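Chain by chain, the residues:
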Amino acid sequence: MPRRQGYALLIALVAGTAALAAVVAFTGSLLFSGPRAKASAATGPQSTARTPAAPAHSSGLWLATWAAAPVLGAADPNHGQDLVHRTIRNVVHTSVGGNAARVTLSNLFGKQPLLIDNVTVNTRPVTFRGAPSTIVGAGRHLVSDPVVVPVAADADLVVTLRTPTARGPVTVHPNSHQSSYVETGQGTWRSTAWRYLTAVDVHSPTAAGTVVALGDSLTAGTGSTTDANSRWPDVLSDRLNGRYAVVNQGIGGNRILRDGIGQRALDRFERDVLGVTGAKTVIIALGINDVQGFPQEKDPQRITDALRTMAQRAHARGMRVVGATLMPYDGYRSWTPAQNAVRHRVNETIRAGNIFDQVLDFDRDMRDPAHPDRLHPAYDSGDHLHLNDAGYQRLGSLVDLADLVRVRPTSDAL
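Residues numbered from 1 in each chain as written. Predicted model: local features only at pLDDT ≥ 70, side-chain atom pairs only at ≥ 80, totals over all residues. Heavy atoms only, no water.

Trainee: Would you explain the sheet that holds strand 18 (residues 245-250) in this entry?
Mentor: Strand-to-strand pairing in sheets goes through backbone hydrogen bonds, with the strands running parallel or antiparallel. Reading across the sheet, the five strands line up as 18-17-19-20-21 and stay open at both edges, with parallel pairing between neighbours. Looking at which strands have only one partner, the edges of the open sheet turn out to be strand 18 and strand 21 (358-360). Averaged over all neighbouring strand pairs, the angle between strand axes comes to 20°, with direction disregarded. Inspection of the sheet shows strand 17 (residues 210-215) paired to strand 18 by six bridges, in the parallel sense. Residue Ala213 lies in a different strand from strand 18, and its bridge partner there is Asn248. (Pairing = 2+ DSSP bridges. Helix = DSSP H or I, 4+ residues; strand = E, 2+ residues; numbered from the N terminus. Axes fitted to C-alpha atoms, helices over the stretch in contact; angles between N-to-C directions.)

Trainee: Hey, could you run me through the pattern of salt bridges in this one?
Mentor: Should the charged atoms of two oppositely charged side chains come close, the side chains can pair. Under the counting rule described, the total for this entry stands at 21 salt bridges. Salt-bridge contacts for Arg102 lead to Asp201; the nearest nitrogen and oxygen are separated by 3.1 Å. On the criterion of sequence distance, the pair formed by Arg102 in strand 5 (residues 101-106) and Asp201 in strand 16 (residues 197-204) is long-range, its members being 99 residues apart. Judged by its relative accessible area of 7%, Arg102 is buried. Here Glu270 makes a salt bridge to Arg317, at a shortest N to O gap of 2.8 Å. Of this pair, Glu270 sits in helix 5 (residues 265-274) while Arg317 is found in the loop between helix 7 (300-316) and strand 20 (320-324), placing the two residues 47 residues apart along the sequence. Using a relative accessible area of 41% as the deciding quantity, one classes Arg317 as partly exposed. (Salt bridge = Lys/Arg side-chain N within 4 Å of Asp/Glu carboxyl O. Buried < 20%, exposed > 50% of the residue type's maximum accessible area, 1.4 Å probe, protein only.)

Trainee: How should I be thinking about helix 10 (residues 389-397) in this particular structure?
Mentor: Since the α-helix advances by 3.6 residues per turn, residues separated by three or four positions end up pointing in the same direction. Residues Gly391, Tyr392, Leu395 and Gly396 constitute the buried set of helix 10. For helix 10, the angular spread of the buried residues around the axis is 135°, confining them to a single face. At its buried positions, helix 10 is contacted by helix 3 (217-220), helix 4 (232-240) and helix 9 (362-366). N-cap assignment for helix 10: the residue whose side-chain oxygen lies 3.2 Å from the backbone N of Ala390 is Asn388. (Arc of directions from axis to C-beta. Contact = heavy atoms within 4.5 Å. Polar contact = N/O pair within 3.5 Å; in protein donor to acceptor, adjacent residues only side chain to side chain.)

Interpretation in functional terms is not warranted from these geometric data alone.
What follows is the structure in structure tokens.
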């Protein structure tokens, strides 16, 4: 399905979805401890007994077709503390398709267990160790049983879940640039936050792996058109045309060295990159918030050392690592000559070639030739830091696909 047919799918699903079941079956769930836990237990025999991952004798791989990094929401972004008896319709956009799916639900920032008593993928019921309901412990996440459901590539997918007793804090991904919906007793509201859902894996007979884009608002898509799927990882996914999945792990405001909006990248790297199903390559586009955000990082070596640490951790898993230079931002409210010098030092180290397997020189390609410390006016969203749709289209076109999928000598990775 073309990506801009998402609204038609959503309207049909919202109109046609029957009332969700309210029967609560308290069962053992696939609980995993904390952000560094792995979801391997979800693929065990007990998980697939009732909903096999794919028809017998089928071939293929489990891959993440979509993901979103979890962020603390002190209260529900749209409804204050009124979190009970909610039906949440998370609309996500796939990168590759498959013949089966499984979802990851997160209560990472919750202070008490979260009951979810009904989950569907495009109206197909999802189970957890064979049961229709589950409890996600505080600070934990879980992976569903596989469910046989056709998942189209480059299409909107609706993952619906009901939280009849939720009290917050809510684990969300805010500013998604995608329309989702929340239904309560008072009505249905449009939302741009994904709630409790952090990944959708598919069983793909054709794709060879997943590319993870780890970044900040410039990866998450701030400045892009809502529901247009015009973030640069979306553009990259279109160019790969189903050969590899692409997931966007950008968080607006995220930093490498300090917690803030989301956990710092050094701490979320295990979960949001190494823990992604089928991850073969990571593109790291981070550091501008360490430079320009308060408190501002004065030492460029601390930033580049952290980038090197993340690259080494990915290399230890056999992954290929691509890194981006930091784009200009003169004209943004926090710009100073001193911090701009820090940015230049970081970029010099990245270009020297001692950190990443491949360098994306976003700085060189996105700056204004007449004013090199500013974004090119054709790509500037207006705040001199974030991009418009044309800018994100340009970023996504800069990735060298042949180099992106080059095999590392020590692994079978991309």
